[in-house]
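# Observations on the model geometry
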Amino acid sequence: MIRADTSTSGPAGRTERAERAERAGRTEQAGRAGRTEQAGRAGRTGQAEQAAATGRPGRWARFLAPEADRGNALHPGAWWLWALGLAVGASRTTNPLLLGLIVAVAGYVVAARRTDAPWARSYGAFVKLGLFVVGLRIVFSVVLGSPIPGSHELFTLPELPLPDWAQGIRIGGRVTAEQLAFALYDGLKLAALLICVGAANALANPARLLKSLPGALYEVGVAVVVAMTFAPNLVADVVRLRTARRLRGRSTGGVRAVLRIGLPVLEGALERSVAVAASMDARGYGRTARVPSAVRRTTGVLTLGGLLGVCAGSYGLLAAEGAGYGLPLLGAGLAAAVAGLRLGGRRSVRTRYRPDRFGPRSWLVAASGAAVALLMIRAASYAPGALHPGVVPLTAPELPLWPALSVLPGLLPAVIAPVPPAREDASE
């Protein structure tokens, strides 16, 4: 039996085909809308997960801390000014709680904004050096004694008799809790200064810092940068060789292992030194231009006088009783030194490709360190007892409120400094 297909002919068939096409179109539009909504939800979920992983939710956080590139990278001098501000703040106190807070601020900023470059891995070495300094200071106090009187005797060492001309020096004798506390506070202060310098060394690119130096300091800056990059490269070589020995199933401890690791490390240091010397010679290092003798003499006077003023002003800021004359001397010394460096830059024959700009973020980072230094200097006038806890009589140190809040502006670089791409990729 043959059935006629009425759906494909006549007006009724055309109407039915139009209805089917219309229903198919509505179904396709609904499916497309569903897929769009699902993709939107997935995109929003992915953005939320990415924001939660990176710790910067929302566009406002992206504006505060964008991804670092060549255009918005911080000036390396800003990191050093920030670290020096923290160091000045640490030099104004011997309170272990405040010193620990300063070290924690420096460590948090380093953990948040350092890159994966070899020179950025030296922060741990500076922390270990600070701990070694604390232990060495305590050992010296125990062995050589201390002028700090104390009533809480811990133990007594055999005392070595010394001649009359060595009066005031003692080897051995009684050891008190007061002298150990004084040595601990003093060692922690020096350790905090070293850790602040280590933070600047881990955050500031030494090559960019060298490029940003004035022309008069270029030759000195090359020597300083080479010396500063020697320790991080040495640490990286030691870590690499220790890892290679562990992968080969060999021990990494003991005198024999240290000797076998030391030879390749020294060989790598020599190769780097030869490569640096060759690159410096190829770039015409040491060439100078001719300038009048009067300009040279004026440059020498201004530079030497400015450096003396900077040294005297820095001593006034770091000393317990010198903040009054420290700032004026430091300002006058800086002005004279800058004038001398500007004149001395005429002797340097070199060009700069794409020099770094000291932008708004760099100024804010430098200002945060300066704020810590100024607030801690101000705190020494209204809370001297809290900044310098006494050891005779021996009392537990307390964390003062306002000096502790004075350290918190040092956290500003962790919020406004651009995020290094390597660190962001690792977090994602």
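Below: a short report on this structure. Every residue gets a number counted from 1 within its own chain, in the order that chain's sequence is written. Reporting in this predicted model follows two pLDDT cut-offs: at least 70 for local features of residues, and 80 or more for side-chain atom pairs to be given and counted; totals over whole chains, interfaces and linings ignore these cut-offs and use all residues. Excluded from the side-chain calculations are hydrogens and water; all other atoms, namely the structure's heavy atoms, are used.

### Side note on a positive patch on the surface
Patch members must show over 30% relative accessible area and no salt bridge, and they are joined within 9 Å when carrying like charges or within 5 Å when they are nonpolar side chains of Val, Leu, Ile, Met, Phe, Trp or Tyr. Areas reported here follow the Shrake-Rupley algorithm with a probe of radius 1.4 Å; residue values treat only the protein chains shown as occluding. Here a salt bridge means any side-chain nitrogen of Lys or Arg lying within 4 Å of a carboxyl oxygen belonging to Asp or Glu. Here the positive residues are Lys and Arg and the negative ones are Asp and Glu; neither His nor the chain ends is included. One atom stands in for each charge, and that atom is NZ of Lys, CZ of Arg, CG of Asp or CD of Glu. A cluster of basic side chains, namely Arg248, Arg250, Arg256 and Arg260, defines a positive patch on the protein surface. A helix here means a DSSP run of H or I that spans at least four residues, while a strand means a run of E at least two residues long, and both kinds are numbered starting from the N terminus. With respect to the helices and strands, the residue Arg260 is situated in helix H9 (residues 255-282). Residue exposure (1.4 Å probe, protein chains only): buried if accessible area is under 20% of the type maximum, exposed if over 50%, otherwise partly exposed. Taking relative accessible area as the criterion, Arg260 reaches 49% and is therefore assigned partly exposed.

### A closer look at the pattern of salt bridges
Under the criterion given, the structure shown has two salt bridges. For Asp186, the salt bridge goes to Arg137, with nearest N and O atoms at 3.3 Å. A residue pair is termed long-range when its members are at least 10 positions apart, and Asp186 in helix H6 (residues 177-203) and Arg137 in helix H5 (residues 123-144) qualify at 49 residues. Judged by its relative accessible area of 34%, Asp186 is partly exposed. According to the relative accessible area criterion, Arg137 is partly exposed, its value standing at 25%. Measuring nitrogen to oxygen at the nearest pair gives 3.7 Å for the salt bridge that ties Glu153 to Arg174.

### Section: the nonpolar core
Definition used in this section: a nonpolar core is a set of buried Ala, Val, Leu, Ile, Met, Phe, Trp, Tyr and Cys residues joined via side-chain atoms within 4.5 Å. By size, the foremost hydrophobic cluster in this structure holds 36 residues, and its most contacted members are Trp79, Trp82, Leu86, Tyr123 and Val365. Those elements that place two or more of their residues in this core are helix H3 (76-91), helix H4 (96-113), H6, helix H12 (360-382), helix H14 (401-407) and helix H15 (413-416). Here this core takes eight residues from H3, the largest share from any one element. Contacts are assigned to residue pairs that have any heavy atoms within 4.5 Å of one another. Beyond its immediate sequence surroundings of up to four residues, Trp82 is in contact with Ala106, Val109, Ala199, Leu203, Val365, Ala366, Ser368, Gly369, Gly410 and Pro413.

### Some details on the packing of H5 against H6
Axis lines are fitted to C-alpha atoms, over the contacting stretch for helices. Their N-to-C directions set the angle, which ranges from 0 to 180 degrees. With their axes 8 Å apart at the nearest point, H5 and H6 run at an angle of 160 degrees to one another. Between H5 and H6, the interaxial angle falls into the category roughly antiparallel. Regarding H5 and H6, the two cross each other, and that crossing is right-handed. Under the grouping applied here, Gly and all other residues not named as nonpolar or charged are polar, the nonpolar ones being Ala, Val, Leu, Ile, Met, Phe, Trp, Tyr, Cys and Pro and the charged ones Asp, Glu, Lys and Arg. For the contact of H5 with H6, the class distribution of residues is 20 nonpolar, six polar and two charged. Throughout, the term roughly parallel applies to angles under 35 degrees, roughly antiparallel to angles over 145, roughly perpendicular to angles from 65 to 115, and oblique to all others. A crossing counts as left-handed when the near helix is turned anticlockwise from the far one by less than a right angle, and as right-handed when that turn is clockwise.

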